[in-house]
Amino acid sequence: MCTVVNVKFLISRVGEDWIFLILLGLVMALVSWVMDFCIALCLQAQKWMYGGLDSNLVLQYLAWVTYPVVLISFSAGFTHIVAPQAAGSGIPEMKTILRGVVLKEYLTLKTFVAKVIGLTCALGSGMPLGKEGPFVHIASLCAALLSKFMSLFGGIYENESRNIEMLAAACAVGVGCCFAAPIGGVLFSIEVTSTFFAVRNYWRGFFAATFSAFIFRVLAVWNRDEETITALFKTRFRLDFPFDLQELPAFAVIGIASGFGGALFVYLNRLIVQFIRKQKAINKFLMKKRLLYPALVTLLISTLTFPPGFGQFMAGQLTQKESLVTLLDNRTWAKQGIAEEFEYIGHAAAWKHPQANVFVTLVVFIVMKFWMSALATTIPVPCGAFMPVFVIGAAFGRLVGESMAAWFPEGIHSDGVVYSIVPGGYAVVGAAALSGAVTHTVSTAVIVFELTGQISHILPIMIAVILANAVAQSLQPSIYDSIIRIKKLPYLPELGWGHHEKYNIRVEDIMVRDVRYITLNCTYRDLHDVLLTERLKTLALVESTESMILLGSIERAQLQTLLSQQLGRPRRLEYLRQQAQNERKHMSVASTPSSEEGNHKVNQEVRFQVSGWAIAEWEEQQLDEQVNFNNCKIDPAPFQLVERTSLHKTHTIFSLLGLDHAYVTSIGRLIGVVSLRELRKAIEGSVTVKGVKVRPPLASFRDSGTSSSDAEVTELHKLWNRHTNLTLPRDPQPSDSDEKSQ
C-alpha cells in the first residue's frame, strides 16, 4: 500500500506525460534493438549454413530454401494461433483506430507477443519484407499496455481521449526507433495515420521519438556495433558541389517514373490479393491449409534468389541492409572512357557478373524485387512494405545515376571545374521518391536525410518526392488505403482529385430517410421492439411522431438498462413477493384452526399459480407503461447537419471530429441520418446501394433558389404558428412581369 502511494506521489510530481513518454521510448528502443539483434543472428545463420555447404550445390540449395520456408511457416502459424490480428502491416488498423473506431483484440498483450515474435522470424528469413509498418503497430501496442498499467494508479489514463493522444505519439515512436529518424518518424506517422492532427500532440511525438531513437543508437554503441552515434546508413557525398543544375531534369525523371512505379506496386499488390479471393476453390483450399500459401511463396522467392542460380544476376546473396549500403555508395561502378576498373570489394562484389554488366544486374534486380515484394507482402505474417520499396527505389536511382555517369564519363563541366557524377545521390533520390509514391507521403525525404546523415541533395529529393506523389495520388490510393479497402475496414476514403461533381452532392442526396427513432412518450413495448429489430449503437430521441423534433440521442446500452430495470429479476421477485404476501393474508383470514395443517400445501399451490399466470400479466402491464427517461443518460446535442450541407463539407467534418454518423435536420425536425457507409458509397460513386440516393449528374444545374428555400420557409411558418398567433412576413414572390423584365 505504501509503495502504491509513493508511486502516485511521484507521478503527480514529475508529470504523467513525461513518465509515460519516457517509458514508451525506452521500451520501444529495447524492443527494436533486441529484434534487430535476433534478426541479424537469423540472417547470419542462413549465410553460415549456405557457406558451409559450398562443396555440394544441392545441399546448398536445400539449406538456402528450407531455412526461410521454416521461419515463414512458423511465423504464419504462430501468428494465426496466438493473434491473427497481428498479421500484416498494422498502419491501416491504427489509422482506423485513431479515427475513433474500436477494433477488438488489436491492442492486447497476445497481439504484442505475436507481432514481435512473428516479425522477428519473418525478417530473419531474408524475404523482401519491411519492419516500419509493424513497428508502428508494436509501439501502439506498447502505448496501450502502458496506459492500462498507468491507469492502475488512477489519473488521466482512465480517459479514452487521452489514450488516443498517446497512441498518436506511439505511431511516431514506432518509425523513430525503427530508422533512428525521430523528425521524419513524427512527420511520417502524421501523414499515414491522421487526416487531421491535434497540434497539442506534436511535442509528445517528438519527445518520445527522439528519446527512443537516442536509446536505440546508444545500445548499438554499447554493443560495439558503432563507435559513436551516427546515421544508420551514413553516406559520404561531397558537400562543396553535390550536384549540378543540369542534373535536375534527371532527378525529375526519377520522381515521375517513381510515381508510376509506386502506383503500379499498389495495384499489383491489390490485384494479387483479389485474384486469390475471387478464386473460390483456391481460397477455400488455402483456408484449410493456412501454411501452404506462405510456404509456396517463400519457396518461389528463395529459389529465384539462390546465388549460384538466377540470384547471381540480382545480387541474391545480399540482405536488404547490405543491398542498401552498396547502392548508396558514392563511388561509380561503371566508368566508361576511364582505363581503371572499379574494384568491387566486399558486398559490392555481388553486383559484378562476368557475363553481364552492372546495368543488366540492376535492371534484373529492380524487376524481380518489384513483383517479389508485392507478392511477399500478401503473406499472412507481420510485415511491412516500406523497406523493400525503399531498396527498389534506391536501385532505380542507382541505375539512373550509373547511366548518367556512363553518358558523362568525365563529369559535368561548371565554370571550368569538372565534377563527376555521384550515383549514390541518385540512389538516395530514388529511394525517397518511390517510398513516398507508395505511401503517399512527403516525409520520406526527411527520413532519408536522417538515415544518411546528409542533406546535400535536399533540393532534388524534394523535387522527386513531390512529383512522385503528384503522379501516384492521381492514379492509385496509398498502400495503406488500399489495404483498408481490401480488409473493408470502417474508414472514410479521401475525396479524389478532379471529381468536381462530388463537391455538388448534398447531404439530402445521400442520407437514409428511414430513420429509426424513439419518441418521448413511447412505451417499454416500443423500446423492446426497437432493440429486437435494430442493431444500431445509438437511437434518435424525438418529441413525437407528428413533430419529429430531435431532442437528443440515446445509446443502445442505456436503453437496454432501462428495459432491464423495468422487467429485470429484482422487480419480478419483488412482485412475486408482494403477490405471495397478499395471498397469505387472504388465506389467513379465510382459514380456521382446523385447516392450519394444510397451510403449507396451500402456500405451495399459491406460489405455483402466481408464478404461472401472474408474471405474464405483469409483464404485459409493465410493457404498456410509458418510459421514464429521468434516469437515462441522453446526449442533448448529437451532431446534426442540414440537408443542404455539401459532401465536401460533410467529409471534412466527419474526418475532423471522428464521427461515425450524423443526424440530418430541417428546422429542428429529424429528416434523415448519414453514416460512414453512405459517405463512402457517395465518394466511391455508387448509385445502386439501397438507402443511398446519390445526386443526379445534372444536380449542379438544379435551381437552388426556390424549391428548397420555399420548403424551409413553410416549415418555419408552421413552427412559428405553433407557439404564437402572429404571422411571419413572407418574402415577396416575383411576378411574371418582373421575371420577364429580368
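Conventions used here
- Residues numbered from 1 in each chain as written.
- Predicted model: local features only at pLDDT ≥ 70, side-chain atom pairs only at ≥ 80, totals over all residues.
- Heavy atoms only, no water.
- UniProt positions renumbered as here; feature names shortened; annotations may be inferred.
- Helix = DSSP H or I, 4+ residues; strand = E, 2+ residues; numbered from the N terminus.
- Polar contact = N/O pair within 3.5 Å; in protein donor to acceptor, adjacent residues only side chain to side chain.
- Contact = heavy atoms within 4.5 Å.
- pLDDT = per-residue confidence, 0-100.
- Pairing = 2+ DSSP bridges.
- Axes fitted to C-alpha atoms, helices over the stretch in contact; angles between N-to-C directions.
- Phe/Tyr/Trp six-rings, centres within 6.5 Å; stacked < 30°, edge-to-face > 60°.
- Lys NZ or Arg CZ within 6 Å of the ring centre and 35° of its normal.
- Expected span 1.5 Å × (residues − 1).
- Buried < 20%, exposed > 50% of the residue type's maximum accessible area, 1.4 Å probe, protein only.
- Core = buried A, V, L, I, M, F, W, Y, C linked by side-chain atoms within 4.5 Å.
- Left-handed = near helix turned anticlockwise from the far one by under 90°.
- Nonpolar A, V, L, I, M, F, W, Y, C, P; charged D, E, K, R; others polar.
- Salt bridge = Lys/Arg side-chain N within 4 Å of Asp/Glu carboxyl O.

- The protein chain carries the name Chloride channel protein in an unreviewed UniProt entry, which gives Electrophorus electricus as its organism.
- UniProt, in the comment section headed Subcellular location (unreviewed entry), describes the protein chain in these words: "Membrane".

**Here's the deal with the side chain of Ser666**
Moving on, step 1. In this fold, Ser666 is placed in strand β7 (residues 661-666).
Moving on, step 2. A polar contact is formed between the side chain of Ser666 and the side chain of Glu643, at a distance of 3.3 Å.
Moving on, step 3. When residues no more than four places from it in sequence are discounted, the contact partners of Ser666 are Glu643 and Ile671.

**Considering the confidence of the model for the protein chain**
Moving on, step 1. Confidence along the protein chain averages 77 in pLDDT terms, with 78% of residues attaining 70 or more.
Moving on, step 2. Note on residues 336-340: pLDDT under 50 across the span, and 3 contacts to partners over four residues away in sequence or across chains.
Moving on, step 3. Per-residue pLDDT stays below 50 along residues 686-742; that stretch engages in 49 contacts with residues further than four places along the chain or on separate chains.

**Focus on the sheet that holds strand β8 (residues 669-675)**
Moving on, step 1. The strand order across the open sheet built from 3 strands is β6-β7-β8, with neighbouring strands paired in mixed fashion. Strands at the two margins of the open sheet, each flanked by one partner only, are β6 (640-642) and β8. Between one strand axis and the next, the sheet turns by 35 degrees as a mean value, whatever way the strands run.
Moving on, step 2. The strands touched by helix α25 (residues 647-657) are β6, β7 and β8; relative to β6, the strand with the most contacts, the crossing angle is about 170 degrees.

**Details of the packing of aromatic side chains**
Moving on, step 1. What the rule picks out here adds up to 11 aromatic pairs.
Moving on, step 2. Relative to Phe37, the ring of Trp33 lies with its centre 5.8 Å away and its plane at 20 degrees, an arrangement referred to as stacked. Within this pair, Trp33 and its partner Phe37 are both found in helix α2 (residues 16-52), separated by 4 residues, close to a single helical turn.
Moving on, step 3. Among the aromatic residues, ring-to-ring pairing joins Tyr50, Tyr61, Trp64 and Phe306 into one connected group.
Moving on, step 4. The ring of Phe135 has Lys131 sitting right over it, with the charged end atom 4.6 Å from the ring centre.

**A closer look at helix α16 (residues 423-439)**
Moving on, step 1. With 17 residues, α16 extends 24 Å from end C-alpha to end C-alpha; this agrees with the ideal 24 Å at 1.5 Å per step.
Moving on, step 2. Counting buried residues in α16 gives 17 out of 17 residues, a clear majority hidden from the surface.
Moving on, step 3. His440 lies just past α16 and shows a positive phi near 60 degrees.

**Side note on the pairing of β8**
Moving on, step 1. Within β8, 5 of the 7 residues are buried, leaving the element largely enclosed by the surrounding structure.
Moving on, step 2. Linking two consecutive strands that pair antiparallel, namely β7 and β8, is a turn of 2 residues; a positive phi of about 55 degrees is found at Ile667 within it.

**Points about the nonpolar core**
Moving on, step 1. Leu24, Met28, Leu129, Ile138, Phe179 and Ile461 are the most contacted members of the largest nonpolar core, which totals 128 residues.
Moving on, step 2. Take this core: its biggest share by element is 13 residues, from helix α15 (residues 386-407).
Moving on, step 3. Discounting chain neighbours no more than four positions away, the residues touching Ile138 are Met28, Val31, Met35, Phe112, Lys115, Val116 and Leu119.

**A short note on the sheet that holds strand β4 (residues 538-542)**
Moving on, step 1. Pairing is mixed in the open sheet, where 3 strands are placed in the order β3-β4-β5. The open sheet terminates on both sides in strands that have one partner only, identified here as β3 (517-519) and β5 (550-555). Mean inter-strand twist for the sheet, computed between neighbouring axes without regard to direction, equals 30 degrees.
Moving on, step 2. Bridge analysis of β3 against β4 gives 3 bridges, and the strand direction is parallel. The residue bridging Ile518 from the neighbouring strand is Leu541, located in β4.
Moving on, step 3. Sheet strands touched by helix α22 (residues 556-567): β3, β4 and β5. Its angle to β5, the strand with the most contacts, is close to 80 degrees.

**Concerning unusual backbone geometry**
Moving on, step 1. Positioned with a positive phi, Lys488 is a non-glycine residue whose angle comes to about 55 degrees.
Moving on, step 2. A relative accessible area of 71% means that Lys488 is categorised as exposed.
Moving on, step 3. For Met548, which is not a glycine, the phi torsion comes out positive at approximately 60 degrees.
Moving on, step 4. With respect to the helices and strands, Met548 occurs in the loop between β4 and β5.

**As for the packing of helix α10 (residues 248-278) against α16**
Moving on, step 1. Taken N-terminus to C-terminus, the directions of α10 and α16 make an angle of 35 degrees; their axes are 8 Å apart at the nearest point. Between α10 and α16 lies a crossing of right-handed hand. Across the interface between the two elements, Ala250, Phe251, Ile254, Gly255, Ser258, Gly259, Gly261, Gly262, Phe265 and Val266 of α10 pack against Tyr426, Val429, Gly430, Ala433, Leu434, Ala437 and Val438 of α16.
Moving on, step 2. Looking at side-chain class alone, the contact of α10 with α16 contains 11 nonpolar, 6 polar and no charged residues.

**Examining the environment of Glu534**
Moving on, step 1. Assignment of secondary structure puts Glu534 in the loop between α21 (524-533) and β4.
Moving on, step 2. On the basis of relative accessible area, Glu534 is assigned to the buried category, the value being 15%.
Moving on, step 3. Each C-alpha atom of the pair Glu534 and Arg516 lies 8.0 Å from the other, and the pair is 18 residues apart in sequence.
Moving on, step 4. In contact with Glu534, not counting residues within four places along its chain, are Arg516 and Arg556.

**Examining the environment of Ala122**
Moving on, step 1. Topologically, Ala122 is positioned in helix α5 (residues 109-124).
Moving on, step 2. Ignoring sequence-local partners within four residues, the contact set of Ala122 consists of Ile72, Ser75, Met127, Leu129, Val381 and Pro382.

**Remarks on the packing of α10 against α15**
Moving on, step 1. For the pair α10 and α15, interaxial distance at closest approach is 11 Å and the crossing angle is 145 degrees. For the pair α10 and α15, the crossing hand works out as right-handed. Residues Ala250, Ile254, Ala257, Ser258 and Phe265 of α10 lie in contact with α15, whose contacting residues are Val389, Phe396, Gly397, Val400 and Met404.
Moving on, step 2. Each residue belonging to the contact of α10 with α15 can be placed in one class, and the counts come to 8 nonpolar, 2 polar and no charged.

**Describing the pattern of salt bridges**
When the charged atoms of two side chains with opposite charge come close together, those side chains can pair.
Moving on, step 1. This model, assessed by the stated rule, comprises 8 salt bridges.
Moving on, step 2. Of the charged contacts in the structure, one is a salt bridge between Lys95 and Asp481, with a shortest N-O distance of 2.7 Å. Taken together, the residues Lys95 in helix α4 (residues 91-98) and Asp481 in helix α19 (residues 479-487) connect sequence positions 386 residues apart. Each member of the pair, Lys95 as well as Asp481, carries the same accessibility label: buried.
Moving on, step 3. Linking Arg506 and Glu508 is a salt bridge whose minimum nitrogen-to-oxygen distance equals 3.8 Å. Summarising the burial analysis for this pair, Arg506 and Glu508 share the class buried.

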